[in-house]
Amino acid sequence: MNQRVEILKETAPFNLLPEDVLQEVSGLLEEIKYNKETVIYQQEVTKMNRVDIIAKGEYESFFYDSAQNKRYIEHHTFCFSYGGISILLNRKRSLKTAVAKKGTVVYALGRKDFVELCMTFEKFFHYFTAQFGKRMLDDEFAHFVKRPTFFEESYIAADQLYSKKIESIQYRDIVSCPGSTPIYQGAKLMAKNKVSCLFVTDESGKIAGFVTDITIRDKVVANMSDATSPVVSIIDKPIVSISTDAYVYEAILMMFRTKTRYLLIKNKGEYVGFQSRNKLLSEQAQSPLIFIQSVKSASTVNELKRKWEKVPEIVTQLLERGVNAEIANQVITTVADTIAIKVIEGVIDELGMPPAKFVFMVLGSEGRKEQTLKTDQDNAIIYEDKANEHREEVRAYFLQFADKVSGRLNDIGFSFCEGGFMAKNPGWTHSLSHWKRNYASWIEDALAETAIKFSTFFDCRYIYGEASLMDELKTFLDEELQKPLEKLFYFMAKNALQYEPPLTFFKNIRTTTVGSQEVFDIKKAMTPIVDLVRVYSLQNRIFEVNTGERLKALKEINVFTETAFNELKQSYYFLMSMRLKSQANQIMNDKKDPDNYIDLNALTKIEQGTLIEIFKTITNFQSRIRIYFTNNLFG
């Protein structure tokens, strides 16, 4: 038994597990011996019912190509664990063929026990997703993994990810207890119900937080704390929930953004169950969302840079499989957010904990969750107000912090904003009271140039820090927007009319010559939709940040009809899809920096005809906003 424990301690990822767990696991292992050249697993044929830990001898693993040649040959020896990636990320089928060499002895852990470890220990599970993500960076490995002859079913499953709703996924019943319950009794309740997450309620019976196996390990066992203390003293927050009507991909992206491992499921306002991130991810092996998980494991600026360079390939896969551009935007945004958070955490580790609560917020297209592959930095920092004697110290920290964060993001591929709309600019790193004055002055001045600033900073979104600071700023803004603001809306409407769709008098697409190409700027063509939807959202105090979400909210309060909503949304995401495809093609095939120019000659007649109809739609809506906000049909 002791020998098995020692081998487990030498084996990744089992060496991430606590000693007492290794003792239990060692008792579950089955010893198996193999003769020379025994075929243990066949690629895409063998259903994996265990994970093997090599105690003696060697496995040789490889892919067979179409000519039955061995490809991507690897040799696995003492203390290598084989099969985890196949179970979790390849529909329980062996990714490769594996052959045992002479005198091979393995300790086998049953699939059910292995999956239970993955469900209970997050680092253990993440080891496999991270390894898979790293391997997918190898072109030869990725070639065999992604070939459609073997992965047709997985691709279908991945496509369903974007059409499947939460209600179709089996979720766990909620196990809860009052906050006054002693910790040890809470642990007993978890053991009795075989759950790794216990929800804790307040005096009114509402869920106030949760406790996991990891919480108890880190906050109680590791600190030798009193297990009779009330469970409320160790709860984790915040509570994150999603409706049964939401899509699975939305749930996964939400869990990445909020960094929560458990999501409460709501139906008609009532909690009906919960779901774990590990469970959702393990069922979506071929989804690009697994790639996002691998981004979270990157630890250096160079690694994060390489991850960002892979995004065009991910976007291409999505769009080629017919996934809506709105979803592609969200995937890009989530990767960008994950990278930014990793950079922020790295800078905090270097500089020490901030001297005040703060929020790092993103603006513009990133703030709207509409980031493309041609992107620069649009961000700012809000920090809490401090007493006079600490103001300079606090400001000095955050200016240094912002400079380092912006510099590292620039190194990764998020270039400095030419307009200076970034935290690196001292003008965009301020206290909460200063930011309130900024917003108030922009509203009060109501000039063309301040309207542009206000527009940029209305498209703001929290990604790191103390969310309550952002909430307070939005509460202040909500109050300001209830005042008479005709002049501000006038200038914002004028800004929305600045760019006109590229249509000639005879309703053909107007182009300009760039090099040898006849092109139009698709970003400028899309801008009127973003701008006009923003103006209506401001007027109606709608604080959704995404253009699609704003459109939906405006439709629900009858600002837009169902027809107008569909026309604008379909137009916007058709243009976005075309823009993303063009940029991905420039990066991957042309090996050049992406731009926003679309070559008219590269489009089909159908695409050109669709564009003309879209530009007509935008022109009609611009006429509407011109009359509504400026009382002048001609501008």
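Attention here is on the structure that accompanies the text.

Thresholds, definitions, all that
- Residues numbered from 1 in each chain as written.
- Predicted model: local features only at pLDDT ≥ 70, side-chain atom pairs only at ≥ 80, totals over all residues.
- Heavy atoms only, no water.
- Salt bridge = Lys/Arg side-chain N within 4 Å of Asp/Glu carboxyl O.
- Helix = DSSP H or I, 4+ residues; strand = E, 2+ residues; numbered from the N terminus.
- Core = buried A, V, L, I, M, F, W, Y, C linked by side-chain atoms within 4.5 Å.
- Buried < 20%, exposed > 50% of the residue type's maximum accessible area, 1.4 Å probe, protein only.
- Contact = heavy atoms within 4.5 Å.
- Axes fitted to C-alpha atoms, helices over the stretch in contact; angles between N-to-C directions.
- Left-handed = near helix turned anticlockwise from the far one by under 90°.
- Nonpolar A, V, L, I, M, F, W, Y, C, P; charged D, E, K, R; others polar.
- Phe/Tyr/Trp six-rings, centres within 6.5 Å; stacked < 30°, edge-to-face > 60°.

Here the focus is the pattern of salt bridges. Taken as a whole and assessed by the stated rule, the structure comprises 29 salt bridges. K9 is paired through a salt bridge with E6; the nearest N and O atoms lie 3.7 Å apart. Here the residue K9 and the residue E6 both occupy positions in helix α1 (residues 2-10), the gap between them amounting to three residues, near one helical turn. When the shortest N-O distance is used, the salt bridge between K555 and E562 registers 3.7 Å.

Attention shifts here to the nonpolar core. Membership of the largest hydrophobic core comes to 133 residues, with the highest contact counts inside it found for F360 and F401. Ranked by residues supplied to this core, first place goes to helix α14 (residues 325-351) with 14 residues. If we skip the residues at most four places from it in the chain, F401 touches I344, V347, I348, L351, F358, F360 and I381. If you look at the next biggest cluster of nonpolar residues, it comprises 47 residues, including I7, F63, A98 and Y107.

A pair of packed helices is characterised by two quantities: the angle between their axes and the separation of those axes. Orientation of helix α21 (residues 522-539) relative to helix α24 (residues 605-630), taken along the N-to-C sense of each, is 35°, at an axis distance of 10 Å. In the packing of α21 onto α24, the handedness of the crossing is left-handed. Here A525, P528, I529, L532, V535, Y536 and Q539 of α21 lie close against α24, whose contacting residues are F615, I618, F621, Q622, R624, I625, Y628 and F629. For the contact of α21 with α24, a count of residues per class yields twelve nonpolar, two polar and one charged.

To continue, consider the packing of aromatic side chains. For any pair of aromatic rings, the description rests on two quantities: the centre-to-centre distance and the angle between the ring planes. By the definition in use, this model includes 42 aromatic pairs. With a centroid separation of 5.8 Å and 65° between ring planes, the pair formed by F63 and F141 is classed as edge-to-face. With F63 in strand β4 (residues 59-64) and F141 in helix α6 (residues 139-145), this residue pair connects regions lying 78 residues apart in the sequence. The burial state of F63 is the same as that of F141; both residues are buried.

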